[in-house]
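Chain and residue survey
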Amino acid sequence: MNPLVEIENLRVTFRTGAALPGQRTATLTAVDGVSLTIPAGATLGLVGESGSGKSTLGLALLRLVPATGTVRLAGREVFRLPRSELRRLRGEAQIVFQDPYGSLNPRQRLGAILAEPLAVHGSVPRRQRADRVRELLDLVGLRAEHATRYPHQLSGGQRQRVAIARALAVNPSFLVLDEPVSALDVSIQAQVLNLLTDLRERLGLTYLFVGHDLAVVRHVSDRIAVMYLGRIVEEAPARTLLTAGAHPYTRGLVSALPVPDPETERLRRRITLTGDLPSPITPPPGCRFHPRCWLYEQLGRPERCRVSPPELREVTPDQRAACHFTDEVAASPLGRVTATATRARRIPVPVEGASGA
Amino acid sequence: MALLDVRNLATELATGGETVRAVRDVSFSIDAGQTLGLVGESGCGKTMTARSVARLLPPGGRVSAGQVLFDGVDLLGLPEAAMRDIRGHRIGFVFQDPSTSLNPVYPIGMQLAEPLRLHLGLGRRAARDRAVELLDRVGIPSPARRMDDYPHQLSGGMRQRVMIAIALSCAPRLLIADEPTTALDVTIQAQILELIQELCAETGSAVLLITHNLGIAAGICDRIAVMYAGQIVETGPTDALFYTPAMPYSWGLLDALPTVDEEERLVPIAGGPPDLAAPLAGCHFAPRCPHVREVCRVDGPPMTERTAGHLARCHATAPEGWLR
């Protein structure tokens, strides 16, 4: 399949500090030389802890923060587009944010919220906009009469549907989904995840799904990239990443994930990653993960990890990881999801002929 | 006798002219040293239940009925002074957001020493020494130096460690942990949960863990109570709840959850939770329930036993019901 999105050596830096006189400024590299591709019609999941740079990466792809490197969307270089062409880019690539409470204008009715991109992009003549708004509401599972409501009259899940409808208003081919279900409750989260899956099928969309919950990300993604302190440390098919992660950090993430199955929780041996995410202003030398790495400790703290930063390289033809000791990772049983279902759940089923009072 | 025995608790919350009946006839108990998970989605009343137990309701909140027996004494009838001696001493607290539950203008050492001096009567020097030990115990590196740090100088995970140190400093009989890891990253969450389990085992503290995360509940709870719309709708040993759930909302939650080893389409629960300010008839879950029958809409089901210690609030799964 042709890549719809090609990212080469993407870098985003911020200057920090100097908010007060006499404070020193520092450079924070939020995204540090990331290269990824997303095939048309596929979903790439991007996971990492807060401060790993995953949201910044999503913003950078749409030119919402200044960045260097190359991003090609359907063959066109995003960073080279003249300002006048930016609107066309926005017509092809849109974003849905985490917080549906903060991303919708509380003073606008949903009809106006959804009609605005149509007007700005001039893609739909004025007379047809009301029809298109209805179509969009229907697309995300809301009713036509919702058009006259305000955001505060909706639940969190409904608001997120509106945010998705707004992103789809201009018929984009690519969506950045930045933690789109993190603010939602479990029962609502499932509704929105299913909606996203259906929309991708129906409209042939391509997604970058940014998230922190591996179970959620795995559910929607074909491939997953793991980010740590601005760099991709592993990229692999979703299933491979969970069952045979090639980076110690990936294994740590898998291991830290609580599983809603008491038996599994009792039986599994965990890797607990020690410490916090270091400051991205002064990342550790060598491999950025080594101060928290369980394998580094296990191998007797090899100098290589402290000195030379590992390159992201192919471990198998389909899996890339940035670790000097991927063979040793492969040999470890820790931090893998094993398919051995433990105890099955028994859910009551209807009984024939029961009157039920 | 149970350490904590909550009986028919009802709590109301007056907000902007409306009265929200946030907790409706909630009963549960926790034995000494046991961990009970109170599980449910936002707005189901789990936090209000815990706050009622501790008598820390927000303005407008009031317990309208019920008993909270702690070691046989009804906390709801105690004078405030006696209650103050229980909070932080016999009952410790860890809340969701460590950046707002620590006082930003005092160094952490002082905040840690306060309950030691107040409740255990330690002198200034002894309290400080003990505080350093506690910081060390919760895994704060170079604890003596950290004593004079302010909360903003610590990371979220470190702040939560300090909260845990404070909560467990007096070896309470009960720890109330309200979403203790929700604000934290998953790797830090694992560290904090491990720490809570380890320390509570040492002090013999029972835990009331409030969480929306079924994975966390599966990992550390002995028993689980599922809350929906102000009521406990199912309660039982952790295994019973996960492997033989007896209330459609409980298994609905489990089915809606993406898991790491399955590719199947998620089964969401249709609709959303009811408005707790409006009057509710019948089973609160009936409007969203795929197995609903007429009786459910009219008659609120009582909690009835399925197997020993496993109770559910459901007509359909009751012995004479239509689900087996």
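The structure presented is a predicted model; accordingly, all values stated were derived computationally and were not measured. Counting from 1, residues in each chain are numbered in the order their sequence is written. A letter from A marks each chain and a number from 1 marks each ligand, given out in the order of writing. For this predicted model, a pLDDT threshold of at least 70 governs which residues receive local features, and a threshold of 80 or more governs which side-chain atom pairs are given and counted, while totals over whole chains, interfaces and linings are taken from all residues.

Concerning the overall build of chain B
Per the secondary structure count, chain B includes twelve helices and twelve strands. The C-alpha atoms of chain B give a radius of gyration of 21 Å, which matches the 20 Å a tight globule of 324 residues would have. Counting only C-alpha atoms, chain B reaches 65 × 50 × 40 Å along its principal axes. To assign burial, the other C-beta atoms lying within 10 Å of each residue's own C-beta are counted, with C-beta atoms placed from the backbone; 20 or more indicates buried, 12 or fewer indicates exposed, and intermediate counts indicate partly exposed. Here chain B holds 324 residues, and 51% of them are scored as buried. Going along the chain from the N terminus, every DSSP run of H or I of four or more residues is numbered as a helix, and every run of E of two or more is numbered as a strand. Radius of gyration: over C-alpha atoms. The globule rule applied is 2.2 Å multiplied by the number of residues raised to the 0.38 power.

Notes on the nonpolar core
Of all hydrophobic cores here, the largest spans 208 residues; its most connected members are L208 and V226 of chain A together with I176, L208 and V226 of chain B. Setting aside chain neighbours within four positions, we find V226 of chain B in contact with V39, G40, I232, V233, E234, M247, Y249 and S250 of chain B. In this usage, the nonpolar core is the set of buried Ala, Val, Leu, Ile, Met, Phe, Trp, Tyr and Cys residues whose C-beta atoms join them within 7 Å. In this description, a residue-residue contact is defined by the distance between C-beta atoms placed from the backbone, which must lie within 7 Å.

Looking at the interface of chain B and chain A
Many authors give the size of an interface as the accessible area that is lost as the parts come together. Taken residue by residue, the interface counts 52 residues in chain B and 46 residues in chain A. Of all the secondary structure elements, the ones that give two or more residues to the side of chain B that touches chain A are α8 (186-203), α9 (214-220), α10 (238-243) and α11 (248-256) of chain B. Looking at the side of chain B that touches chain A, the element that brings in the most residues is α8 of chain B, giving seven residues. Each residue is assigned to one of three groups, with Ala, Val, Leu, Ile, Met, Phe, Trp, Tyr, Cys and Pro labelled nonpolar, Asp, Glu, Lys and Arg labelled charged, and all others, Gly among them, labelled polar. Each residue belonging to the side of chain B that touches chain A can be placed in one class, and the counts come to 25 nonpolar, 18 polar and nine charged.

Side note on helix α4 (residues 129-139) of chain A
Residue and element names in this part refer to chain A. Listed as buried for α4 are V133, L136 and L137. Down the axis of α4, the sector holding all buried residues measures 100 degrees, keeping them to one side. Elements in contact with the buried residues of α4: α3 (110-121) and α5 (156-168). Just downstream of α4 lies G141, where phi reads positive at about 80 degrees. Each C-beta atom gives one direction from the helix axis, and the arc is the one those directions make.

Let's talk about unusual backbone geometry
The phi torsion at E179 of chain A lies on the positive side, around 50 degrees, for a residue other than glycine. One can find E179 of chain A in the loop between β7 (174-178) and α6 (186-203).

So, the domain arrangement of chain B
All names here are of chain B. Domain start and stop points were drawn from an automatic or database domain assignment. According to the domain assignment, chain B contains domain 1 (1-90 + 173-280) and domain 2 (96-169). Its C-alpha centre places domain 1 at a distance of 26 Å from the equivalent point of domain 2. Listing elements by their share of the side of domain 1 that touches domain 2, those giving two or more residues are β7 (174-178) and α8. Considering every element that reaches the side of domain 1 that touches domain 2, the biggest residue donor is α8, with seven residues. Along the lines of polarity and charge, the residues of the side of domain 1 that touches domain 2 split into nine nonpolar, six polar and two charged.

Some points on the domain arrangement of chain A
Residues and elements named next belong to chain A. Considered domain by domain, chain A is made up of domain 1 (3-15 + 29-221) and domain 2 (245-331). Averaged C-alpha coordinates put domain 1 and domain 2 at centres separated by 30 Å. Counting residues at the interface gives seven residues for domain 1, matched by five residues for domain 2. Elements with a contribution of two residues or more to the side of domain 1 that touches domain 2: β2 (25-39) and α7 (214-220). In terms of residue class, the side of domain 1 that touches domain 2 is built from four nonpolar, two polar and one charged.

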